[in-house]
Amino acid sequence: MKLKHWLLLTTVVACGVAQAQAPAGAGFNPGDYTGVWRMMGGTIFDRSTAEPANAAAGQPGARERPPYNAEWEKKYLARIELVKQDKLPDPISNCGTPIGFPRIFNAPDGYEFVVTPKQTWILTENGPNTLRIYTDGRKHLPDDFIWPTYTGDSVGSWQGDTLTFTTIGLRGEDGTIVDRTGIIVSDAAHATTQIRKPTADAIEVKLTIEDPKAFVRPWVVTKRFTRIPGGDEIRIMDYACAENNRNPVDADGKTLTLDTNGKVIDAGRSRP
């Protein structure tokens, strides 16, 4: 009888300790994220509001419908005009500049999703870029310690097969754009993101972006990814866009185009 009581007490204590130490990812059951993935739908960030419907980012006149207030809609229209003139400044034209959040979910080339109970890393071949999401129970950095960065500070938790996380501390228009139609967000933007696998070879990323400076309501965008066939034979590779750079900028601010021997074949135009 004493043995039974001792076993019961031990079991209760052990369960209590396990619950007390359970991280935010205690419901961790993500499914299989192995392999290499590609984004679907092209690099228009919000395909559901694209005008025209088959628009491509960087195409003159292409746009989407983020819920801008009047001031920021005016900013967007001005940037659309810069696209028409081939003068839209894209920060990642400076090789090595991170793509930033939320644009990290809008990159061409391959992706890897590295999923563990305490962290999830999203790696892009393009760039390359990394988004770290902490799921070990930690909170966001305190206000007196955080500063604006390209991808911000992301923390969250797993509930079964769904990862939900929040992102704060973004640079906004100071150093990042959302896509090459000219969409930008402010440094007040923050997001709640849900990632799940609706099928074995699909990933769905639902972003709810709020921006009290720029938006009149939350902006909800869904990005989808599909696994690239090939198993272990497929992997992402690192590369640097500065390699074989044939578009240096001269002392007068003009972008040059060089041939394979380094000879200038086009003096281009001054950078905006």
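Keep in mind it's a predicted model, so treat the numbers as computed, not measured.

### What about the nonpolar core?
Alright, step 1. Among the nonpolar cores identified, the biggest contains 39 residues, and Phe-101, Phe-105, Ile-195 and Phe-225 are the most heavily contacted of them.
Alright, step 2. Within the residue set of this core, elements represented by two or more residues are β2 (37-39), α2 (70-84), β3 (110-115), β5 (129-134), β7 (162-168), β8 (190-199), β9 (202-210) and β10 (219-227).
Alright, step 3. The residues touching Phe-101, leaving out its near neighbours within four places in the chain, are Leu-131, Tyr-150, Thr-151, Phe-165, Thr-167, Leu-170, Ala-191, Thr-193 and Leu-207.

### Description of α2
Alright, step 1. The first and last C-alpha atoms of α2 sit 21 Å apart over 15 residues, in line with the 21 Å expected at 1.5 Å per residue.
Alright, step 2. All of the buried residues along α2 are Trp-72, Glu-73, Tyr-76, Arg-79, Ile-80 and Val-83. In an axial view of α2, the angular spread of the buried residues amounts to 120 degrees, which keeps them on one side of the axis. Exposed side chains of α2 directed beyond 90 degrees from the buried face belong to Ala-70, Glu-71 and Lys-74.
Alright, step 3. Remark: Asp-86 follows α2 within two positions and exhibits a positive phi of approximately 60 degrees.

### With respect to the pairing of β7
Alright, step 1. Looking at chain direction, strand β6 (residues 153-160) and β7 are connected through seven bridges and run antiparallel. Across the sheet, residue Asp-153 finds its bridge partner in β7, namely Ile-168.
Alright, step 2. Sheet topology note: the β7/β8 ladder contains five bridges and is antiparallel. Residue pairing in the sheet places Phe-165 in a bridge with Thr-193 of β8.

### Observations regarding unusual backbone geometry
Alright, step 1. Each neighbour pair has its own omega, and for Phe-101 with Pro-102 the value is 10 degrees, a cis peptide bond.
Alright, step 2. Among the secondary structure elements, Pro-102 is positioned in the loop between α2 and β3.
Alright, step 3. The linkage connecting Gly-127 with the following residue, Pro-128, adopts the cis geometry, with an omega of -10 degrees.
Alright, step 4. Residue position: Pro-128 is located in the loop between β4 (119-124) and β5.

### What to know about the pairing of β8
A regular strand places its side chains on the two faces of the sheet in alternate fashion.
Alright, step 1. Judged from the eight bridges that link them, β8 and β9 form a sheet pairing that is antiparallel. Following the sheet pairing, Arg-196 is matched in β9 by Glu-204.
Alright, step 2. Between β8 and the antiparallel strand that follows it, β9, lie two residues.

### A few points about the side chain of Ser-154
Alright, step 1. For Ser-154, the position within the fold is in strand β6.
Alright, step 2. Polar contacts involving the side chain of Ser-154 include one to the side chain of Thr-167, which spans 2.7 Å.
Alright, step 3. Contact partners of Ser-154, with chain neighbours within four places excluded, come to Leu-131, Arg-132, Ile-133, Tyr-134, His-140, Phe-165, Thr-166 and Thr-167.

About the criteria used
- Residues numbered from 1 in each chain as written.
- Predicted model: local features only at pLDDT ≥ 70, side-chain atom pairs only at ≥ 80, totals over all residues.
- Heavy atoms only, no water.
- Core = buried A, V, L, I, M, F, W, Y, C linked by side-chain atoms within 4.5 Å.
- Buried < 20%, exposed > 50% of the residue type's maximum accessible area, 1.4 Å probe, protein only.
- Helix = DSSP H or I, 4+ residues; strand = E, 2+ residues; numbered from the N terminus.
- Contact = heavy atoms within 4.5 Å.
- Expected span 1.5 Å × (residues − 1).
- Arc of directions from axis to C-beta.
- Pairing = 2+ DSSP bridges.
- Polar contact = N/O pair within 3.5 Å; in protein donor to acceptor, adjacent residues only side chain to side chain.

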